[in-house]
Structures are given as structure tokens and as C-alpha cells.
Amino acid sequence: MSLPTLLSQHIVRRPQRIALLQHIAEQGSITRAAKSAGLSYKAAWDAIDELNNLAQKPLVERSVGGKGGGGAKLSSEGERVLRLYQKLQALQTQVLEAAEEASDLDLLGRLMLRTSARNQLHGKVVAIDAQGRNDRIRLELAEGLRIDAQITHDSTLRLELQTGTEVVALIKAGWLELLGIDQVAAPGNNCLKGTVEEILDAEDGPSEVRIGLPNGQTLCALAEQLHVKTLELTAGKPVFVQFAPSNILLGTPL
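Under an unreviewed UniProt entry, the name given to the protein chain is TOBE domain-containing protein, and the organism recorded is Pseudomonas wuhanensis.

Put into C-alpha cells, the structure is as follows:
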């Protein structure tokens, strides 16, 4: 089975994140793998979340072990991706030597855009419904989970979206709203049920709440500490996440 297009491009464009898989395989710990890779613990979690979200199946299986810790191992899919990354390393020198001049690599870097959106979910288009000047795009994520995005019809044409097109749904952490298990989402909003994986408090701002979805993907939401306390959120507790279709940005491979 081939890798999803967006994950394949990620391997080529950001190999340093794939290299983290090697450290996890060797260390069996998020903390030790982050140290070996020269990353902070938080940066390592962010990298793992991004990789898992872009893959059709989780690449890393985790067990939270308290503040600053946690065990980790590669899934069978993660081991397969790591083998492909190791093949890429063998070809890397040849690719760099083939560049006609240094500016070639700078040009590629500009074209391979990164984004500040914390949530990047791989999916594919399963339906497009016209709504005036806008289109409602139904996306299917891993394991059949579905969400709706709302974009202009011009954007649909520019991105050349059609049924089966692979996309990345970009959602800023501040656009996600956490709801208690007994609360009802606003009409028309996306609402996903997940489980709190970790809460990272900050002294001078909102807390960062990581929510594991049933399909293995992870969402990161920002929430004021008072709101977290009101909902009595703790690791392992179920929670709903709602967000408007208009707050989803869509991206496609170049």
C-alpha cells in the first residue's frame, strides 16, 4: 500500500521530523527521543501529532506517563515509513549534488510553504455542495470520520477540488471550542468527540489541550484555564470539540 500523497511530500520536505521516528524506535520514549533529536518535549509531541494526522494510520503509539514523560513505539505503519525515510537518506546526497546552483534549493524552500496552523488533518473530498457563492466541502478523514469546510466557489475552482481530491484541512488551535459531554454544539458547526490526552498550562495565557480522536488523529485546542476548570477536564476524560466550517482552510499538493 502506497503512502498518502501529503505524507509522501512531508517526508521529502521535512525529513528532520521523520528522523524523529528513528529516535523513537531506538529510545522507546518521547522524552529520550526528543533529547536525541535535539527537540523540546513539546516540539516532539507536535511533530508526532502532525505525522499521525497526515498518515492514514498512526505512525507512533503513545502512552502518557505524566508531566515530561511517556512511552512510545512505532506502529507497523511507522516502521514502514521509517524504512522509506532511510532510503531517502541514501539518495539525499545525490539530489543535493544535482542542484545546478545554491539558489535552486532556496527556490524549492519558498515553494514548500509551512503553516502556523496547529491542526493539519489529512483527508479527501467526498462531496461538494454549492451554497450561493460558497461551497460546502465534505471531507473524509482517517477511519471514515467526516467534517465540513466552507470555502468560496472560486477557491474550489482554483484548488481544482473534486470528489476524491486529497487535501489538508488547516484549523488554528484558537478556532476550536471545547464543550462538556452534556453540551450541544451550535447548529451547522462541526462537532467531534475525543479524549483529553494532555493539558499544558501556561502562566501568561490559555492552556493547550490535546484531544485524541477515535481515528488516531489529534487536535490541539487553546482554552482559558477557567474554562478548562469549569469543564473539569483532565487527561483521559471525554470532550467535544466544535468549530465552524468557515474556520477550516484547505490546502492541496502543488
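### Brief notes about the overall build of the protein chain
Of the regular secondary structure elements, the protein chain holds 8 helices and 12 strands. Across the 254 residues of the protein chain, 43% fall into the buried class. Partitioning the contacts of the protein chain with sequence separation of at least 6, the portion at a separation of at least 24 is 64%. For the protein chain, the accessible surface area stands at approximately 13,500 Å², while carbon and sulfur atoms represent 51% of it.

### A closer look at the sheet that holds strand β12 (residues 249–251)
If you trace the 5 strands from one edge of the open sheet to the other, you get β5-β4-β3-β6-β12, paired in antiparallel fashion. The open sheet is flanked by β5 (146–152) and β12, the only strands paired with a single partner. Between one strand axis and the next, the sheet turns by 45° as a mean value, whatever way the strands run. Where strand β4 (residues 134–140) and β5 come together, 7 bridges link them in antiparallel fashion. Opposite Ile137, over in β5, you have Ala149 as the bridge partner.

### Side note on the packing of helix α3 (residues 30–37) against helix α4 (residues 41–54)
Across the interface, α3 lies against α4 with an axial gap of 9 Å and an inter-helix angle of 100°. Judged on the interaxial angle alone, α4 and α3 are roughly perpendicular. Residue-level contacts link Ile30, Thr31 and Ala34 of α3 to Tyr41, Ala44, Trp45 and Ile48 of α4. By residue class, the composition of the contact of α3 with α4 is 6 nonpolar, 1 polar and no charged.

### Describing the nonpolar core
Core analysis: the biggest nonpolar cluster contains 31 residues, and Leu178 and Leu250 have the highest contact counts within it. Where this core is concerned, the elements lending two or more residues are β3 (119–131), β4, β5, β6 (166–171), β8 (190–200), β9 (207–212), β10 (218–223) and β11 (238–243). When residues no more than four places from it in sequence are discounted, the contact partners of Leu178 are Val209, Ile211, Ala221, Ala223, His227, Leu231, Leu233, Val239, Phe240 and Val241.

### Focus on the pairing of β8
Bridge analysis of β8 against β11 gives 6 bridges, and the strand direction is antiparallel. Bridging across to β11, Lys193 finds its partner in Phe240. Connecting β8 to the antiparallel partner β9 that follows it, the hairpin turn spans 6 residues.

### Some thoughts on the sheet that holds β8
Overall, antiparallel pairing links the 5 strands, which are arranged β7-β11-β8-β9-β10 in an open sheet. Across the chains shown, the open sheet's two edge strands, defined by having one partner strand only, are β7 (177–179) and β10. Averaged over all adjacent pairs, the angle separating strand axes in this sheet is 45°, with direction ignored. Pairing of β9 with β10, which is carried by 6 bridges, proceeds in the antiparallel orientation. Within the sheet, the bridge partner assigned to Gly212 lies in β10 and is Thr218. Running over the sheet, α4 touches β8, β9 and β10 and is turned about 35° from β9.

Here is what the cut-offs are and how they apply
Residues numbered from 1 in each chain as written. Predicted model: local features only at pLDDT ≥ 70, side-chain atom pairs only at ≥ 80, totals over all residues. Heavy atoms only, no water. Helix = DSSP H or I, 4+ residues; strand = E, 2+ residues; numbered from the N terminus. Buried < 20%, exposed > 50% of the residue type's maximum accessible area, 1.4 Å probe, protein only. Contact = heavy atoms within 4.5 Å. Areas by Shrake-Rupley, 256 points an atom, 1.4 Å probe, with all protein chains shown as cover. Pairing = 2+ DSSP bridges. Axes fitted to C-alpha atoms, helices over the stretch in contact; angles between N-to-C directions. Parallel < 35°, antiparallel > 145°, perpendicular 65-115°, else oblique. Nonpolar A, V, L, I, M, F, W, Y, C, P; charged D, E, K, R; others polar. Core = buried A, V, L, I, M, F, W, Y, C linked by side-chain atoms within 4.5 Å.

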